[in-house]
Amino acid sequence: MALPKIALVTGCTPGGIGHALAKELRQRGLKVIATGRTLEKIAGLKELGVDCVALTVDDPKSVAACHEEVVKLLEGKGLDYLVNNAGFAVFRPATETDLDECKRMFGANVLGVINMCQTFLPELLVANGTIVNVGSVAGHMPLPFMSSYCATKAALHAYSECLRVEVAPLGVKVTYVQTGNVRTNKDCTKYHLDKRSLWYPIKDTYEREQERATGGMDSADFARRFATRMLGGYKHTIWIGEGSLMCRIIGALELYLPFRIFPFAFSQSYGMQRIASSSKMNTWLT
Ligand SMILES: NC(=O)c1ccc[n+]([C@@H]2O[C@H](COP(=O)([O-])OP(=O)(O)OC[C@H]3O[C@@H](n4cnc5c(N)ncnc54)[C@H](OP(=O)(O)O)[C@@H]3O)[C@@H](O)[C@H]2O)c1
């Protein structure tokens, strides 16, 4: 009888993609190792037979400790799937994003993933495994007030594309997930514009668009589709989540059109023209 495949999924807090995916993969018979920054938060997964390990991806000591623990759990076997899911977004004007917040985001969404790939490569080599990086369609769209997040996912995409070429001859594969909108814990954080912000005149659309971004595909449904594609044979890219197909089509069209659709559409939906005519802007410039 074939041994069950083994998957390590990062960022498995209940309510999020990682948690839903860990459950789904376990239900499909895989041995699953789930990680969380706070072990208590993910303890419920243990009842399903999931192994839980503490991990803060942007802390090299935590990655090393997690690796040590995972190697013990693998008992000499290789890792079939390393799902780099942990990450987060902030919603702030590009020129007003706090640099420390920005560094934390790059730490979790990019550097943490790089460290995980480097650290777990030996175990991936044993199993001819697959690295699955959870990216976002945001990495290819000029989403207002999400510039730093978009930059992290664009960086993750570029890293994944290069990594794929380098590890292919070693028998390791890389899948990049172009995630659309999914209903998760991300919807719980609300950002507000500072009264001194140059974008304060469109505070109403800033808040409305955040509200509109909440919701999306149900995380359990997303996890089912994710698992089916991930386990159904190698794919270099997987597009799933609300709006991902539309982003794929518009992104492809933009390569051939003499104009770009996304910047115009987002500028309109946010009412950006109101900034140029606002008295605050005029005062600031004089
Ligand atoms: N939901 C969407 O619409 C959407 C769209 C595109 C891409 N994505 C991507 O999907 C992934 C999962 O996000 P989600 O929507 O499921 O959000 P979520 O529910 O907030 O889950 C994010 C997970 O990442 C963990 N995390 C954050 N920073 C970490 C760090 N430095 N070290 C270790 N773990 C960390 C969180 O742990 P804590 O609970 O401790 O904070 C949580 O477990 C992210 O990479 C996100 O960018 C989501």
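Residues numbered from 1 in each chain as written. Predicted model: local features only at pLDDT ≥ 70, side-chain atom pairs only at ≥ 80, totals over all residues.

Taking an unreviewed UniProt entry as the reference, the chain is identified by name as Short chain dehydrogenase/reductase belonging to Trematosphaeria pertusa. The UniProt entry for the chain carries the following comment under Sequence similarities (unreviewed entry): "Belongs to the short-chain dehydrogenases/reductases (SDR) family." (UniProt positions renumbered as here; feature names shortened; annotations may be inferred.)

Novice: Tell me what's going on with the overall build of the chain, and back it up with residues and numbers.
Specialist: From N to C terminus, the chain includes 11 helices and 9 strands. Against the 2.2 N^0.38 benchmark of 19 Å for 286 residues, the chain shows a C-alpha radius of gyration of 20 Å, consistent with a compact globule. (Helix = DSSP H or I, 4+ residues; strand = E, 2+ residues; numbered from the N terminus. Rg over C-alpha atoms; globule rule 2.2 N^0.38 Å.)

Novice: Requested: an account of the site of the ligand, with residues and values cited.
Specialist: Residues in contact with the ligand amount to 31 residues; listed here are only the nearest, Gly11, Thr13, Gly16, Gly87 and Asn185. Where the shell around the ligand is concerned, the elements lending two or more residues are α1 (17–27) and α4 (99–127). Of the residues that constitute the shell around the ligand, the class distribution is 10 nonpolar, 18 polar and 3 charged. (Near = placed C-beta within 6 Å. Nonpolar A, V, L, I, M, F, W, Y, C, P; charged D, E, K, R; others polar.)

Novice: Can you break down the sheet that holds strand β5 (residues 130–134) residue by residue, with the values?
Specialist: The sheet built from 7 strands is open, its strands ordered β3-β2-β1-β4-β5-β6-β9 with parallel pairing. Looking at which strands have only one partner, the edges of the open sheet turn out to be β3 (51–54) and β9 (237–240). In this sheet, neighbouring strand axes are inclined to one another by 20° on average, regardless of whether the strands run parallel or antiparallel. Lying over the sheet, helix α3 (residues 60–74) contacts β1 (6–9), β2 (31–36) and β3, oriented at roughly 160° with respect to β3. Where helix α7 (residues 219–231) meets the sheet, it contacts β4 (81–84), β5, β6 (173–179) and β9, and its direction lies at approximately 160° from that of β9. (Pairing = 2+ DSSP bridges. Axes fitted to C-alpha atoms, helices over the stretch in contact; angles between N-to-C directions. Contact = placed C-beta atoms within 7 Å.)

Novice: Lay out the nonpolar core in plain terms, naming residues and giving numbers.
Specialist: In this structure, Ala34 and Leu82 are the most contacted members of the largest nonpolar core, which totals 69 residues. It is α4 that provides the largest number of residues to this core, a total of 8 residues. Once you skip the residues sitting within four places of it in the chain, alanine 34 turns out to touch Val9, Cys12, Gly18, Ala22, Ile42, Leu45, Val50 and Cys52. (Core = buried A, V, L, I, M, F, W, Y, C linked by C-beta atoms within 7 Å. Buried ≥ 20, exposed ≤ 12 C-beta atoms within 10 Å, placed from the backbone.)

Novice: Summarise the pairing of β2; cite the residues concerned and give the values.
Specialist: For β2, a buried count of 5 out of 6 residues is recorded, marking the element as mostly surrounded by other parts of the structure. In this structure, β1 lies alongside β2, joined through 4 bridges in parallel fashion. For valine 9, the partnering residue across the bridge sits in β2 and is alanine 34. After leaving β1, the chain enters α1 and then returns to the sheet as β2, a path that is right-handed. As defined by bridge partners, β2 adjoins β3 across 4 bridges and the pair is classed as parallel. Paired with threonine 35 across the two strands is valine 53, which belongs to β3. (Right-handed = clockwise from strand over helix to strand, strands pointing away.)

Novice: Got a sec to walk through the packing of α1 against α7? Specific residues and values, please.
Specialist: A pair of packed helices is captured by two measures, namely the crossing angle of their axes and the spacing between those axes. Running from N to C, α1 and α7 point in directions that differ by 55°, and their axes come no closer than 8 Å. Relative to α7, the element α1 is oriented oblique. In the packing of α1 onto α7, the handedness of the crossing is right-handed. Listed contacts from α7 to Ile17, Ala20, Leu21, Glu24 and Leu25 of α1 are Ser219, Ala220, Phe222, Ala223, Arg224, Phe226 and Ala227. Of the residues that constitute the contact of α1 with α7, the class distribution is 9 nonpolar, 1 polar and 2 charged. (Parallel < 35°, antiparallel > 145°, perpendicular 65-115°, else oblique. Left-handed = near helix turned anticlockwise from the far one by under 90°.)

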